[in-house]
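Observations on the model geometry
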Amino acid sequence: MKEMIYQTICPGCGIGCGLYIRKNAEGKLSIDHMKSSPVNLGKLCRFGMKLPYYYAKENNAVNQVNASNADVETAIKTAVEILKDADSSSTALLSVGNTTNEEQMAFTKLAATLSTVVQTGVSSECLNMPEASLAEIEKAKRIVLFIDPYAQYPLIVRRLLTAKKNGASIVAVGTQPLNLADETLDLKPGQYDELKLDRESLIIADMHPNSDIKLAKNILVLAQKTGAKIQFMRSFMNSFGTGLSVNQENKMFGLAELVEDIELGNIRTLVVLDSDPIELMPDNEAAIEALKKLDKLIVISSRSSPVTELANIVIATEPVYSKAGTFLNAEGKLLKNSGTGKAGVDALSLLNAGIGGKAFTYDEMNYLVLKAIEAQKENRSVAAECAASDNGISSPKVLKGKYELKYLYNPFMWFDQKDDNDFVLLNRNTVRKLGLRKGGYVNMKSDRGELKMRFRVEALPDGLVLTAKKLPVATGTSTIISMERC
Amino acid sequence: MVEVGDKVIGYSTDPGVRNKGASGGLVTAILAAALEKGLVEEVVVLKHINEYEAIPIITSDVEDVLASAGSMHTVPVNLAKYAIGKNVAMPGKPCDIRGVIEQAKRNEVNIDNTYLIGLNCGGTMYPVQTREMLINMYDIDPEDVTGENIEKGNLIFRTKSGEEKGISIDELEEAGYGRRLSCRYCDVKIPVNADLACGNWGVIGELTGNATFCEVMNEKGVRLLENAIDAGYVEIEPASDKAITIREKVNNVMLSMGEKWSEKVFTEIPDGERTQYYMEQFADCINCGACKEICPVCTCGEDSKCTMYHNLEDNYRMSMFHMVRLMHLSDSCIGCGQCTDVCPVDIPLTTIFRRFADKSQKKYNYKAGMTLERPPFLEVMPR
Ligand code: SF4
């Protein structure tokens, strides 16, 4: 086999960093920096640098029917039989944005034939479009961060540092001090006036399936009230692309609501496109239990992941880097793969035709994507106006002697990828109080059991423990735990 | 008969290659001959994607070699790592060649069957910034550009309509464009560390723009050039004294420009402030590891000293990873700029590593990547 080089974007988050994936004659993958990429100038974060692991052959999905390997025709045929029998009111389709616009568009066609819509894991109350290009971060006079850029969206750190050199003041709203921020303020929405924002300010927040929708609404209200621009970062390579085929009239549910509907038996058949609810939901175990309640689970995916193990049918597509297709990044830039793989669109076309819809081609999907982008440009202001005021943000009550264990979402966490993050962050007071020893462990307890973890000291507020890794003692993005020395 | 030390002017005998290749297609023709006549199994060349982008490929297809002809100053890659474990010929800037030599010292490259055709280098530029510069400084649509060249201190762009526009590099750099910082203070402009040192400096008279000045640096250089002559791929003639003097003069001008930049960039940090300086420089590091991964002289693999003593859970105020790398690179940093290029948080790593390495390299009068001489390790007494 000859060496192959693919121009693609990183699947780690919505920034869409450009890179090359090199596959040598033995099939070994490596990355090359694509210095001509206007998104990242060829720079990649820790996740991007580890893509050869993410894309390793053993992580590729394989076609399956009832847990046994099958050929793709059989997998599609069996899926068609399932979908023909499925009741549209109890069938759901989910795609959070881990694949191309063209596959997403094709998935929407399938949804229409099934008389339903594609859910994207984010509630329609807060669907929004990119408002600012990443380069505009550098020009802002005052920047308010509702994210930790170092951990969550590393390729905006350089933009923020440039803004700072240009004279911007940067405020981090939250609990963890950031090296690039001039100050860190732990504010509740009622105190947001203290942020002193105006039309030259920029708010950077993020929106993902586990975002606090009430907080997101408050941030939108803050932007509208002060005239500040807002940049919502998104967690998946094509999160914004999922919005291209969303009809404003359709009700979109948050992922948690969708999983609840499965638990309640309202959804009996689930079809997912490159989206794993087990990886996405904060509590793996609870998500697995919910998915087990489904009558049928069909997974169309390029990756094998926990959900492919539960699936009745797995329709495998090629790795994202080798697909033909486009993506819409966090700043609304249309980015393109050099790959030619069309297995995803082809499979969706066969599924659609099999259940009585029309067959389609990749080129047709690509045409619809480009048309939707044009239409979206015209409707930009409408799409951004989705805010409603609601100040009722719930923060968990932490009783004396207890701690709040909070997820610090990052690309490794979304895909349950191995990283050097086997530790929790806590503050010096906690270390003293519990008598923890440098280099030692802390024992964490919740309703879910116990876990021994290493720790790192950070200047966090008392009572807070952060983790950049999903932990089995966590039951949500925030979990009340107790801790002791071990 | 070619001999070590020969200085010749040469060009491709194929009119197509001669017209397409930079400076008469000599380098392209030598590479093609090396491949076709079995001197090497493969060659490392840049596959052009557009005027601003190319990607290194390792190929045995002579068509790829011919298609790679032409200079690309906006593709600041380092080719050294592509030569690892292979019997290849490759063209390269002085820092590509320095990288290969450092790899050879660490037994990753067999220097005896790796053929290095060095290209004079006045500096490379960033592709995205170059596009911006074309619009703002040249008033040229980046898509109209068909070629570029550096001549007499000017950066010249050719457009589809056949027009040429040049602006002095000084003026461009004053405006914040132009060469990468590491290229500005680089102190090797003619790749005398390669087997053949090629470039257009010293090509004068009617051959200007149509031939290459080539100095034969060693026996491998002799083999490369003789192989191409025997195959009928190139023609050469001795360089005149005037040509030799002009080449030397251009080199000296470039080197003194580099020295000025070096003085400007490497201002002394007062005693007592150095630790603080290094701590501040690395404070925004996100531990991506890209600087190590891309480093053309690093041969350590995944389990290396810098990663072994470093853990994200550590609470050190300065990263152990960078501390170990500062020490490790002090005798091997070639200043190629790759680490700065790929740093996701824009830490000026090359400048930091050069600042640290310069002290010991100067003390031992040692320049990494120039010869196979063993690096004088820090713990030994000065020789
Ligand atoms: S995870 Fe995001 S920031 Fe990191 S390389 Fe991938 S796209 Fe870029």
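Further up the page is the structure itself.
What comes next is a walk through the structure.

The rules behind each value
- Residues numbered from 1 in each chain as written.
- Chains lettered and ligands numbered in written order.
- Predicted model: local features only at pLDDT ≥ 70, side-chain atom pairs only at ≥ 80, totals over all residues.
- Heavy atoms only, no water.
- Near = heavy atom within 4 Å.
- Nonpolar A, V, L, I, M, F, W, Y, C, P; charged D, E, K, R; others polar.
- Phe/Tyr/Trp six-rings, centres within 6.5 Å; stacked < 30°, edge-to-face > 60°.
- Helix = DSSP H or I, 4+ residues; strand = E, 2+ residues; numbered from the N terminus.
- Buried < 20%, exposed > 50% of the residue type's maximum accessible area, 1.4 Å probe, protein only.
- Lys NZ or Arg CZ within 6 Å of the ring centre and 35° of its normal.
- Contact = heavy atoms within 4.5 Å.
- Buried area = accessible area lost by both parts, 1.4 Å probe.
- Salt bridge = Lys/Arg side-chain N within 4 Å of Asp/Glu carboxyl O.
- Polar contact = N/O pair within 3.5 Å; in protein donor to acceptor, adjacent residues only side chain to side chain.

**A short note on the site of the ligand**
Near the ligand there are 13 residues, and of these Cys10, Gly12, Cys13, Cys17 and Cys45 of chain A occur at the shortest range. Of the residues in the shell around the ligand, the class split is 10 nonpolar, three polar and no charged.

**Observations regarding the packing of aromatic side chains**
Taken as a whole and assessed by the stated rule, the structure comprises 15 aromatic pairs over all chains. Ring geometry for Tyr185 of chain B versus Phe266 of chain B: centroids 4.8 Å apart, planes at 70 degrees, classification edge-to-face. Note that Tyr185 of chain B is positioned in the loop between α7 (181-184) and β9 (196-199) and Phe266 of chain B in the loop between α9 (241-265) and α10 (274-282), a separation of 81 residues in sequence. By the burial criterion, Tyr185 of chain B is buried, and Phe266 of chain B matches it. Members of the aromatic cluster, joined through ring pairs, are Tyr6, Phe47, Tyr54, Tyr55, Tyr321, Phe412 and Phe415 of chain A. The ring of Tyr441 of chain A carries the charged tip of Lys452 of chain A above its face, separated from the ring centre by 4.6 Å. Over the ring of Trp261 of chain B we find Lys264 of chain B, and its NZ or CZ is 4.2 Å from the ring centre.

**Let's talk about the environment of Ile15 of chain A**
Residue and element names in this part refer to chain A. By the secondary structure assignment, Ile15 is in the loop between β1 (4-9) and β2 (18-23). Sequence-wise, Ile15 and Leu134 are 119 residues apart; in three dimensions their C-alpha atoms are separated by 8.7 Å. Residues contacting Ile15, with those up to four places away along its chain left out, are Val39, Leu134, Tyr153, Leu155, Ile156, Met233, Asn329 and Ala330.

**Things to note about unusual backbone geometry**
Phi is positive for Asp274 of chain A, which is not a glycine, with a value near 40 degrees. Structurally, the position occupied by Asp274 of chain A is in the loop between β13 (269-273) and α10 (277-280). Since its relative accessible area comes to 8%, Asp274 of chain A is described here as buried. Phi is positive for Asp346 of chain B, close to 60 degrees, though the residue is something other than glycine.

**Structural notes on the interface of chain B and chain A**
Contacts between chain B and chain A engage 34 residues on the former and 35 residues on the latter. Here chain B and chain A share an interface that buries about 2900 Å² over both sides, 53% of which is from carbon and sulfur atoms. Across the contact surface, chain B and chain A share four salt bridges. Residue Asp341 of chain B is joined to Lys35 of chain A by a salt bridge in which the shortest nitrogen-to-oxygen separation is 2.8 Å. The interface formed by chain B and chain A contains 18 residue pairs in polar contact (both at pLDDT 80 or more). Contributions of two or more residues to the side of chain B that touches chain A are made by β3 (53-59), α5 (127-138), α11 (290-294) and α14 (338-342) of chain B. Broken down by element, the side of chain B that touches chain A gets its largest block of residues, five residues, from β3 of chain B. For the side of chain B that touches chain A, the per-class residue count stands at 21 nonpolar, five polar and eight charged.

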